[in-house]
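As a plain string of letters, each chain reads:
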Number of protein chains: 2
Amino acid sequence: MPHDAATPDKPRPSWRDGLPPPPPGPAPESHFAGSQTVRDIVIGVADGLTVPFALAAGLAGTVASNPLIVTAGLAVIAAGCVAKGMGGLLAARTEIAHYAAERRREAQEIHDWPDRERWEVLVILHRQGLRDDILTGATDAICADPDTWVDFMMRFELEMTEPESGLAQRSAMAMGGAYVAGGLIPLLPYMLFSGTRPALILSAVLTAVALTGFGWLKARATGLPPGPGAAQALGVGVAAAALAFVVAGVASR
Amino acid sequence: MPHDAATPDKPRPSWRDGLPPPPPGPAPESHFAGSQTVRDIVIGVADGLTVPFALAAGLAGTVASNPLIVTAGLAVIAAGCVAKGMGGLLAARTEIAHYAAERRREAQEIHDWPDRERWEVLVILHRQGLRDDILTGATDAICADPDTWVDFMMRFELEMTEPESGLAQRSAMAMGGAYVAGGLIPLLPYMLFSGTRPALILSAVLTAVALTGFGWLKARATGLPPGPGAAQALGVGVAAAALAFVVAGVASR
């Protein structure tokens, strides 16, 4: 929950006692207009473009005919979609399980070695600049509630934050689906034309435009500068296709 | 730096003043024996297995001959290696730039709106259970040094930790390289045999063994239970290959 502390309009009841009202602060940061799902779809499409385009370009440089390029392209899109979607889904599930296991272990350590774990809180707060009575008082306050204590150790000792259940799983599915849409863009020309050369040229143009556009959107969606993001997506696509072209050319000799 | 506080054998000089010696604690967790590079190579190989295997299996189900399967497989390995290695390299660079930009923004906010940012520290510590004099004293201590203050806000408000420069870039390169090694395993039988069927069978056996083994190692390297990790890697590989097989079969009709 980043920016949690910066939303004083909805204070939790437990925050109120003893806290002064918020002084004026900076305007909230402007974020990407789209929802989480829009963001996932943009990332999925951007990621789906490169490998199918490069595979098709590599095969177009050899003796392969357009129908075979389309077959290989669709097979690699299907495989990539499953690897990305299902892999992401399972990764999200294991991340949640991993956090829960580490939290249980930390709670057990607090139960088994309270002096040692209290000393670790002391060390962390000491590094934050607390001294003397304030140091011991703050340590006592954090260690008074086992939940707060474990939460503090998770953030500061293990640097882990709780993964949001469900969200990552839906993300993985949306990205996997969007990967298919991204992968179909470079393949379309090979479905429309019978000649390899015009299909390759149109595919390169379409993919370059899509890589630039979706690289730009992906960078915006992830809060990065869009110009370099677009250039990088295009650069990776061109490099991947060039290498695939050379490798396929050498391999088919 | 997880577990930083749990390594009292090498205390930083600044920790010492006012801190008691560490009480006895739990034995340090056993970690994967290999170095960071071994870990990256294991992950790269594990990730490289699925898509080339599925592509080859999909094409083997159609009219494609083994030399063409090898050409397509090598092209997709080359493209995937560039996408993974170069993409990971650029992602690591942008992550470092993103952290630096957010940190600059936070430092600027502390400079422009000190009362508001001090109030945010107050809110965060209040949520950790601190009250009254301890609350204001701890807030004063954290806000006494701008570096400590910014660091505290980065961890607790934005939940961001500083990415280690260089490490992520070397990781991406190692993973990209290992991806090639992983991708070559399912392709080897198509290079050795002239018939499609024996190559497909041997490729499936080799890849199943490798997916299980490297899925197991990957789970261990990332601190997850190895048994389910191996089963998941195998499951994703089988599902990807099955879908690629069906899609290629339908497309080539």
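Definitions and cut-offs
Residues numbered from 1 in each chain as written. Chains lettered and ligands numbered in written order. Predicted model: local features only at pLDDT ≥ 70, side-chain atom pairs only at ≥ 80, totals over all residues. Heavy atoms only, no water. Helix = DSSP H or I, 4+ residues; strand = E, 2+ residues; numbered from the N terminus. Rg over C-alpha atoms; globule rule 2.2 N^0.38 Å. Buried < 20%, exposed > 50% of the residue type's maximum accessible area, 1.4 Å probe, protein only. Contact = heavy atoms within 4.5 Å. Least-squares fit on C-alpha atoms with pLDDT ≥ 70 in both. Axes fitted to C-alpha atoms, helices over the stretch in contact; angles between N-to-C directions. Parallel < 35°, antiparallel > 145°, perpendicular 65-115°, else oblique. Left-handed = near helix turned anticlockwise from the far one by under 90°. Nonpolar A, V, L, I, M, F, W, Y, C, P; charged D, E, K, R; others polar. Polar contact = N/O pair within 3.5 Å; in protein donor to acceptor, adjacent residues only side chain to side chain. Core = buried A, V, L, I, M, F, W, Y, C linked by side-chain atoms within 4.5 Å. pLDDT = per-residue confidence, 0-100. Expected span 1.5 Å × (residues − 1). Buried area = accessible area lost by both parts, 1.4 Å probe. Salt bridge = Lys/Arg side-chain N within 4 Å of Asp/Glu carboxyl O. Phe/Tyr/Trp six-rings, centres within 6.5 Å; stacked < 30°, edge-to-face > 60°.

Caption draft 1: Structural view of the overall build of chain A. From N to C terminus, chain A includes 9 helices and 0 strands. The order of α-helices and β-strands along chain A, N terminus first, is α-α-α-α-α-α-α-α-α. In terms of C-alpha radius of gyration, chain A reaches 26 Å, well past the compact-globule figure of 18 Å for 253 residues. Along the first, second and third principal axes, the C-alpha set of chain A runs to 80 × 45 × 30 Å. Burial status across chain A gives 43% buried among its 253 residues. In chain A, 71% of the contacts between residues at least 6 apart in sequence involve partners at least 24 apart.

Caption draft 2: Structural context of the relation of the copies chain B and chain A. When chain B is fitted to chain A, the residual RMSD is 0.2 Å, and the transformation amounts to a turn of 180° plus an axial shift of 0.1 Å. Taken together, the rotation and translation describe the operation of a two-fold axis. Among all C-alpha atoms of chain B, that of I134(B) lies closest to the rotation axis, at 2.6 Å. Looking at the interface residues of chain B, 98% of them are also at the interface in chain A, so both copies use one shared face.

Caption draft 3: Region of the structure containing the packing of helix α4 (residues 114–127) of chain B against helix α6 (residues 146–156) of chain B. All names here are of chain B. Contact pair α4 / α6: the axes reach a minimum separation of 11 Å and the direction vectors enclose 55°. By the angle class used here, α4 and α6 are oblique. Judged by the twist between their axes, the crossing of α4 over α6 is left-handed. When α4 is examined against α6, the residues P114, E117, R118, E120, V121, I124 and L125 are found in contact with a partner set consisting of W149, F152, M153 and F156. The residue makeup of the contact of α4 with α6, split by class, is 8 nonpolar, no polar and 3 charged.

Caption draft 4: Representation of the environment of N66(A). Residue and element names in this part refer to chain A. Mapped onto the secondary structure, N66 falls in helix α3 (residues 66–112). N66 sits 67 residues away from D133 along the chain, and the two C-alpha atoms are 77 Å apart. Excluding anything up to four places from it in sequence, N66 contacts Y190, F193, S194, G195, T196 and A199. A polar contact is formed between the side chain of N66 and the backbone oxygen of S194, at a distance of 3.4 Å. Within the structure, the side chain of N66 is placed 3.3 Å from the side chain of T196, a separation counted as a polar contact.

Caption draft 5: The nonpolar core, seen in detail. Among the nonpolar cores identified, the biggest contains 50 residues, and L55(A) and L55(B) are the most heavily contacted of them. Residue assignment for this core shows that the elements contributing at least two residues are α2 (36–60), α3, α7 (167–192) and α9 (226–251) of chain A together with α2 (36–60), α3 (66–112), α7 (167–192) and α9 (226–251) of chain B. In contact with L55(A), other than residues within four places in its own chain, are A72(A), G73(A), V76(A), L55(B), A72(B), A75(B) and V76(B). Listed in part, the 46 residues of the second largest apolar core include I110(A), F156(A), I110(B) and V150(B).

Caption draft 6: Local environment of the confidence of the model for chain A. Residues and elements named next belong to chain A. Of all residues in chain A, 90% have pLDDT values of 70 or greater, and the mean over the chain is 85. Mean pLDDT values for the elements of chain A range from 50 in helix α1 (residues 13–16) up to 94 in helix α5 (residues 132–144). Across residues 1–15, confidence stays below pLDDT 50; counting only partners more than four residues off in sequence or on other chains, it has 32 contacts. Scoring of the predicted complex yields 0.80 for pTM and 0.79 for ipTM.

Caption draft 7: Layout of α2(B). Taking 1.5 Å as the rise per residue, α2(B) with 25 residues should run 36 Å; its terminal C-alpha atoms sit 37 Å apart, in good agreement. With 19 of 25 residues buried, α2(B) is to be regarded as a mostly interior element.

Caption draft 8: Quick look at the interface of chain B and chain A. Across the contact, 90 residues belong to chain B and 88 residues belong to chain A. The junction of chain B with chain A conceals about 7,900 Å² of combined surface from both sides, 70% of it contributed by carbon and sulfur atoms. Joining chain B to chain A, the criterion identifies 0 salt bridges. For the pair chain B and chain A, the number of links is 4 residue pairs in polar contact (both at pLDDT 80 or more). Elements that contribute at least two residues to the side of chain B that touches chain A include exactly α1 (13–16), α2, α3, α4, α5 (132–144), α6 and α9 of chain B. Top contributing element to the side of chain B that touches chain A by residue count: α3(B), with 19 residues.

Caption draft 9: Spatial organisation of the environment of A221(A). Relative to the helices and strands, A221(A) is located in helix α8 (residues 196–221). Through-space distance from the C-alpha of A221(A) to that of Q36(A) is 9.0 Å; in sequence the pair is 185 residues apart.

Caption draft 10: Just the pattern of salt bridges, in detail. Under the definition given, this model contains 16 salt bridges over all chains. With a shortest N-O distance of 2.6 Å, D140(B) and R118(B) are connected by a salt bridge. Of this pair, D140(B) sits in helix α5 while R118(B) sits in helix α4, and the two are 22 residues apart along the sequence. Taking the relative accessible area as the measure of exposure, D140(B) reaches 42% and is therefore partly exposed. Overall, the relative accessible area of 26% leaves R118(B) in the partly exposed class. For R155(B), the salt bridge goes to D151(B), with nearest N and O atoms at 3.2 Å. Placement of both R155(B) and D151(B) in helix α6 is noted, with a separation of 4 residues, approximately one turn of the helix. One salt-bridge network, held together by shared partners, links D47(A), K84(A) and K218(A).

Caption draft 11: The arrangement of the packing of aromatic side chains in detail. Under the criterion given, the structure shown has 3 aromatic pairs over all chains. Seen in terms of ring centroids, F156(A) and F156(B) are 5.1 Å apart; in terms of plane orientation they differ by 55°. Their pairing is tilted. Of this pair, F156(A) sits in helix α6 (residues 146–156) while F156(B) sits in helix α6, placing the two residues on different chains. Considered together, F156(A) and F156(B) belong to a single accessibility category, that of buried residues. Relative to F156(B), the ring of F152(B) has its centre 5.0 Å away and its plane inclined at 35°; by these criteria the two rings are tilted. Separated by 4 residues within a single helix, F152(B) and F156(B) lie in helix α6, roughly one turn from each other. A single burial state applies to F152(B) and to F156(B), both of which are buried. An aromatic cluster is built from F152(A), F156(A), F152(B) and F156(B), whose rings are joined through pairwise contacts.

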